[in-house]
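# Observations on the model geometry
The chain contents come next:
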Amino acid sequence: MFRQLDQDNENYKSRQVQGMQPESGVATGRHAKSISVDQLAFRSGDSNAECGPKQQAGWSIHRGNDKLQIPREDRKPKQPSDMEMMKEKFAKLLLGEDMSGGGKGVSSALALSNAITNLAASVFGEQRRLEPMAADRKARWRKEVDWLLCVTDHIVEFVPSQQNTNGVNMEIMTTKQRTDLQMNIPALRKLDAMLIDCLDNFKDQTEFYYVKKDSDKSDKGNDKRKDEKWWLPTCKVPPNGLSEMTRRWVQSQKDSVNQVLKAAMAINAQVLTEMEIPENYIESLPKNGRSSLGDAIYKGITVEFFDPDAFLSAMDLSSEHKIVDFKDRIEASIVIWRRKMTSNNSSKSHWGSAVSSEKRELFEERANTLLLILKHRFPGTPQSSLDISKIQYNRDVGQAILESYSRVIESLAFTVLSRIEDVLNADVSARNALQAASIKRNGQSATTPTGSQRLSSYKEVEKESTAETPTSMTLLDFMGWNAMDQKESDDKNDFFTGNESTKDWTKAPPVTTNKKLSYLEKIENLSGLRSPTSRH
């Protein structure tokens, strides 16, 4: 018996040595495979005997020409579900963007405002052409903005209501969504959808295309950008310009986006007006409006006969920095004058002054008119110090969502409007070049059209397209917003068109009603939105 055991051990050792020979190139492939299987079975025999049948089934060993197969774990990363992403986003918002949990986060209102702003920047930041948005970016925008806007469904107010209990009428208080949110959130959603649909409308256009900034000079031709938007692709049109039908259609798209821009500006300005002014901003103001404005601006506003257009034409508004600085001075003076009018008449008051309330009210109205014209003429300028301070120290979550959502829609509308104007400007340049070439071929003196001639040609094209386009419902009619009375509109138009020479603006106008014009009504009374400066 012992002799038989010794012989079996020697046979096993010899097979073990032969199983190692394939590495040195001695044993054949078939023999090496059979030995390695036996060796694997011997090594795993004890452990498999102790494990259950489930673990034994984990081995997958095949003899013959099949290879040794052992199941591997799938290393492909698992995509988080929408619920997990929403939980993570709201957890970050609840912590005030401070994931460390140290209590150093911002307020919930500012966190929501920053979330909407950052989402819009990541989704619309790459919209440099007149083309539909990518499907994944569009789906992400609609999904995540719905998450952030759902907070407004739970911001309610108490309203009285009647309840009949056992034949007895009782007045109880019920909850409903806050009035400003109930009015503005659906309107902003509609404006958002209109802008995305406007981009989708350019899907099948073939008459203009874009050339990248790093392409060859032969592709760009003479259309190389010479303005501050050097990073944007250059728009090119056919040598003969756009067709008449396409030109009218592009102009109609511009008018539609123009209406969206004005409505978004109106909502944003109204929300900012309703926000409380932070105390730290008030403490940083000087004691009087003259110190805030400076002598030159103060004298221009307090003259007997005030013309806002002439006043702004005399100001240096050549750069964005100067425009923002001028807005800061005007807004600071308005806050000072309002504080003085609402303060007590005591001489010990910090805001007391010898100027009468009537004159101060007149100065405030003139300053508001200047602000309105500035926002109307330069819609793409950055926010002023007062607006930034209001957003930073605001604690109203509803107002924060309204302000940020209207601001990103305004920014997107301004971007789309600028891209449309790039196409129209390229069309005007192509038509002018074609006209100059035809004149040169006829033997006449070909002169390069000046900037004023190009502007007049562009205005003629815009006027023709507007005149030939049938009158349709405006955005105000579509959304059901009421315009102001015709008499008030005529009076305001006379003021901005310069027909106020027969009126004495130094005296306070007689108060006939307590109704105040909204920001949207004031914008609608202006002669039409000018083309915004190229900024994006």
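Shown above is the structure to which this text applies.
Notes on the structure follow. All values derive from a computational prediction rather than experimental measurement.

## As for the nonpolar core
Counting residues in each nonpolar core, the largest one holds 59 residues, and the members touching the most others are Leu130, Trp141, Phe208 and Ile409. Looking at this core, the elements with two or more residues in it are helix H6 (108-124), helix H7 (135-149), helix H8 (179-200), helix H10 (244-274) and helix H18 (397-441). For this core, the leading source of residues is H18, giving 15 residues. Ignoring sequence-local partners within four residues, the contact set of Leu130 consists of Leu199, Phe202, Phe208, Tyr210, Val416, Arg419, Ile420 and Val423. With 20 residues, the next largest nonpolar core counts Ile323, Phe363, Ala367 and Leu370 among its residues.

## With respect to the pairing of strand E1 (residues 156-165)
Pairing of E1 with strand E2 (residues 168-177), which is carried by ten bridges, proceeds in the antiparallel orientation. Opposite Gln163, over in E2, you have Met170 as the bridge partner.

## Observations regarding the side chain of Gln253
In this fold, Gln253 is placed in helix H10. Overall, the relative accessible area of 11% leaves Gln253 in the buried class. If we skip the residues at most four places from it in the chain, Gln253 touches Cys198, Asn201, Phe202 and Ile420.

## Some details on the environment of Ser333
By secondary structure assignment, the location of Ser333 is in helix H15 (residues 320-342). Separated by 45 residues in sequence, Ser333 and Asn288 place their C-alpha atoms 7.4 Å apart. Ser333 has contacts with Gly289, Ser292 and Leu293, leaving out every residue within four places of it along the chain. A polar atom in the side chain of Ser333 sits 2.6 Å from the backbone oxygen of Ile330.

## Observations regarding the pattern of salt bridges
Taken as a whole, this structure holds 18 salt bridges when the rule is applied. Linking Arg140 and Glu144 is a salt bridge whose minimum nitrogen-to-oxygen distance equals 3.3 Å. In this pair, Arg140 and Glu144 both sit in helix H7, four residues apart, roughly one turn of the helix. Between Arg248 and Glu244 there is a salt bridge, and its shortest N-O distance comes to 3.7 Å. Separated by four residues within a single helix, Arg248 and Glu244 lie in helix H10, roughly one turn from each other. Judged by its relative accessible area of 35%, Arg248 is partly exposed. For Glu244, a relative accessible area of 35% gives the class partly exposed. The network of salt bridges with shared partners includes Glu244, Arg247, Arg248 and Asp427.

## Overview of the packing of aromatic side chains
A complete count under the given rule lists eight aromatic pairs for this structure. With a centroid separation of 6.1 Å and an interplanar angle of 85°, the aromatic rings of Phe208 and Tyr210 are classed as edge-to-face. Grouping residues by exposure puts Phe208 and Tyr210 together as buried. Ring geometry for Trp337 and Phe363: centres 5.9 Å apart, planes at 50°, overall tilted. Remark: Phe363 occurs in helix H16 (residues 357-377) and Trp337 occurs in helix H15; sequence separation between them is 26 residues. Like Phe363, Trp337 is buried. An aromatic cluster is built from Phe202, Phe208, Tyr210 and Trp249, whose rings are joined through pairwise contacts.

So, how was this worked out
- Residues numbered from 1 in each chain as written.
- Predicted model: local features only at pLDDT ≥ 70, side-chain atom pairs only at ≥ 80, totals over all residues.
- Heavy atoms only, no water.
- Core = buried A, V, L, I, M, F, W, Y, C linked by side-chain atoms within 4.5 Å.
- Buried < 20%, exposed > 50% of the residue type's maximum accessible area, 1.4 Å probe, protein only.
- Helix = DSSP H or I, 4+ residues; strand = E, 2+ residues; numbered from the N terminus.
- Contact = heavy atoms within 4.5 Å.
- Pairing = 2+ DSSP bridges.
- Polar contact = N/O pair within 3.5 Å; in protein donor to acceptor, adjacent residues only side chain to side chain.
- Salt bridge = Lys/Arg side-chain N within 4 Å of Asp/Glu carboxyl O.
- Phe/Tyr/Trp six-rings, centres within 6.5 Å; stacked < 30°, edge-to-face > 60°.

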